[in-house]
Amino acid sequence: IRDSLESVGMVRRLRQSLRSALSIIYAGYWWLVLALLAAMVWPTVMVLPRRAWRHYFIRAAVRLWFFLTGITIQVRTQGGVAPCRAIIVSNHASYLDGGVLSVAIPGELTFIAKQEFAGQFWAGRFLRRLGTLFVRRVDRVEGVKATEDIVGAVMAGERIVAFPEGTLLRRPGLLSFRLGAFAAACEAGVPIVPVAIRGTRTVLRGEQWFPRRASLSVEIGEPILPDGKGFEAAVRLRDSVRAWILDHCGEPDLGREEVDLAAWGQL
């Protein structure tokens with residue numbers, strides 16, 4: 001019996017070692033494919049003369065990346081996304097989310113990014129070629145300026161993409177939403193299109209660089225129109241959009257926990 005138990009234990013250890021080795025091999029392959037595609041995508045985006053072509057090329061490259069690394073993506077839509085003048089709001093679970101949305105939503109998208117990226121040689125130049133809107137949110141004045149920039153862009157016909165959680169966590173869960181995108185939607189009188197992304201946190205968690213294979217899904221909801229202007233209308237719109245995303249993203253609500261932690265810190 002003892003020999004049998006030792007044999008079973010040895011088999012289990014061998015299986016665990018094999019799984020670990022395969023995971024390491026897959027991670028190395030994943031990053032190798034990404035590096036090779038990035039070496040092709042960055043200069044191509046720099047030289048393509050039309051923004052629409054740049055977005056199309058990136059979409060094709062991300063699709064190829066997912067295909068080569070065995071990552072599948074399923075897109076379900078309830079109402080579609082308008083070709084212009086809309087603000088797309090999504091949960092933010094991974095650095096992959098932007099690429100996933102570029103695959104799931106055809107056409108040109110204007111992502112909102114932190115101002116810090118604008119000064120970076122590689123990321124800044126790349127994002128500017130895609131029409132990225134850089135915002136600074138260090139205080140109330142800068143927040144108002146960011147909202148005005150979003151209003152101006154969406155009124156010019158752009159489809160803005162916002163991740164209102166504003167940050168990434170390794171831990172699963174939906175954080176509270178910043179108000180800027182919703183205030184801009186109320187001011188411009190344009191709809192918010194809620195989007196729920198699943199699976200990207202499994203592939204690549206925040207603060208972690210070890211990828212895993214998983215299936216991804218994107219659900220695009222019906223556009224939600226603001227019911228007025230001003231602060232209260234923006235709060236109502238934010239709460240409606242967040243409730244929809246929370247119901248479809250498959251992760252727990254961390255918004256209440258954030259409030260509880262903030263209150264604890266003030267004691």
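Anything mentioned here points back to the structure above.
Residues numbered from 1 in each chain as written. Predicted model: local features only at pLDDT ≥ 70, side-chain atom pairs only at ≥ 80, totals over all residues. Heavy atoms only, no water.

A.B. asks: What is the right way to look at the overall build of the protein in this model?
C.D. replies: Helix and strand content of the protein: 9 helices and 7 strands. Across the 267 residues of the protein, 43% fall into the buried class. On the protein, roughly 14800 Å² of surface is accessible, and the fraction owed to carbon and sulfur atoms is 59%. (Helix = DSSP H or I, 4+ residues; strand = E, 2+ residues; numbered from the N terminus. Buried < 20%, exposed > 50% of the residue type's maximum accessible area, 1.4 Å probe, protein only. Areas by Shrake-Rupley, 256 points an atom, 1.4 Å probe, with all protein chains shown as cover.)

A.B. asks: Teacher, can you tell me more about the pattern of salt bridges here?
C.D. replies: A side chain with one charge can pair with a side chain of the opposite charge if their charged atoms come near. Across all of its chains, the model carries 8 salt bridges by this definition. Across the salt bridge formed by Arg51 and Glu108, the nearest N and O atoms sit 3.4 Å from each other. With Arg51 in helix 2 (residues 51-68) and Glu108 in the loop between helix 3 (97-104) and strand 3 (110-114), this pair connects stretches of sequence that are 57 residues apart. For Arg201, the salt bridge goes to Glu251, with nearest N and O atoms at 2.7 Å. (Salt bridge = Lys/Arg side-chain N within 4 Å of Asp/Glu carboxyl O.)

A.B. asks: What should I look at first to understand the sheet that holds strand 7 (residues 215-220) in this one?
C.D. replies: Within a beta sheet, neighbouring strands are joined by backbone hydrogen bonds and run either parallel or antiparallel to one another. What the 7 strands build is an open sheet, ordered 1-7-6-2-5-3-4; its pairing is mixed. Of all strands in the sheet, those bounded by a partner on one side alone are strand 1 (72-77) and strand 4 (133-135). Mean inter-strand twist for the sheet, computed between neighbouring axes without regard to direction, equals 25 degrees. Two strands pair when backbone bridges link them, and strand 6 (residues 192-198) and strand 7 are joined in this way by 4 bridges, in the antiparallel orientation. (Pairing = 2+ DSSP bridges. Axes fitted to C-alpha atoms, helices over the stretch in contact; angles between N-to-C directions.)

A.B. asks: What am I meant to see in the pairing of strand 5 (residues 159-162) here?
C.D. replies: Side chains on a regular strand alternate between the two faces of the sheet. By the alternation rule, side chains of strand 5 split into Arg159 and Val161 and Ile160 and Ala162, which are all buried. Of the strand pairs in this sheet, strand 2 (residues 86-90) and strand 5 are connected by 4 bridges, and their pairing is parallel. Along strand 5, the bridge assignment pairs Val89 with Ala162. Two strands pair when backbone bridges link them, and strand 3 and strand 5 are joined in this way by 2 bridges, in the parallel orientation. Residue pairing for strand 5: Phe111 is matched across the bridge by Val161.

A.B. asks: When you look at helix 8 (residues 231-249) in this model, what are you seeing that I'm missing?
C.D. replies: Note that an α-helix has 3.6 residues per turn; residues three or four places apart therefore point the same way. Here helix 8 spans 26 Å end to end across 19 residues, near enough to the 27 Å set by a 1.5 Å rise per residue. Taken as a whole, helix 8 has its buried residues at Ala233, Ala234, Val235, Leu237, Val241, Arg242, Trp244, Ile245, His248 and Cys249. Note on helix 8: the residue one or two positions beyond its end, Gly250, has a positive phi of about 75 degrees. (Expected span 1.5 Å × (residues − 1).)

A.B. asks: What am I meant to see in helix 4 (residues 121-129) here?
C.D. replies: Three or more residues of helix 4 are buried, namely Gly124, Phe126 and Leu127. Looking one or two residues past helix 4, Gly131 carries a phi angle of roughly 85 degrees, positive in sign.

A.B. asks: What is the right way to look at the packing of helix 6 (residues 180-188) against helix 8 in this model?
C.D. replies: A pair of packed helices is characterised by two quantities: the angle between their axes and the separation of those axes. Two numbers describe how helix 6 lies on helix 8: the axes approach to 8 Å, and their chain directions differ by 120 degrees. Accordingly, the angle class assigned to the pair helix 6 and helix 8 is oblique. As for the relative orientation of helix 6 and helix 8, their crossing is right-handed in sense. Across the interface between the two elements, Phe182, Ala183, Ala185 and Cys186 from helix 6 touch Ala233, Ala234, Leu237, Arg238 and Val241 from helix 8. (Parallel < 35°, antiparallel > 145°, perpendicular 65-115°, else oblique. Left-handed = near helix turned anticlockwise from the far one by under 90°. Contact = heavy atoms within 4.5 Å.)

A.B. asks: Explain unusual backbone geometry here, please?
C.D. replies: For residues that are not glycine, phi is negative in most cases, and the peptide bond is trans in most cases. Of note, the phi angle at Arg85 is positive, near 50 degrees, even though the residue is not glycine. For Arg85, a relative accessible area of 41% gives the class partly exposed.

A.B. asks: Could you clarify how one ought to interpret the packing of aromatic side chains in this entry?
C.D. replies: Between two aromatic rings, the relevant description is the distance of the centres plus the angle of the planes. Within the structure shown, the criterion is met by 9 aromatic pairs. Residues Phe177 and Phe182 carry aromatic rings whose centres are separated by 6.1 Å and whose planes lie at 10 degrees to one another, so their mutual orientation is stacked. A relative accessible area of 6% means that Phe177 is categorised as buried. On the accessibility criterion, Phe182 (0% relative accessible area) is buried. Aromatic rings pair up to connect Trp30, Trp31, Trp65, Phe66, Tyr95 and Trp209 into one cluster. Lying across the ring of Phe177, Arg242 places its NZ or CZ 5.7 Å from the centre. (Phe/Tyr/Trp six-rings, centres within 6.5 Å; stacked < 30°, edge-to-face > 60°. Lys NZ or Arg CZ within 6 Å of the ring centre and 35° of its normal.)

So far we have only geometry, and geometry alone does not tell us how the molecule works.
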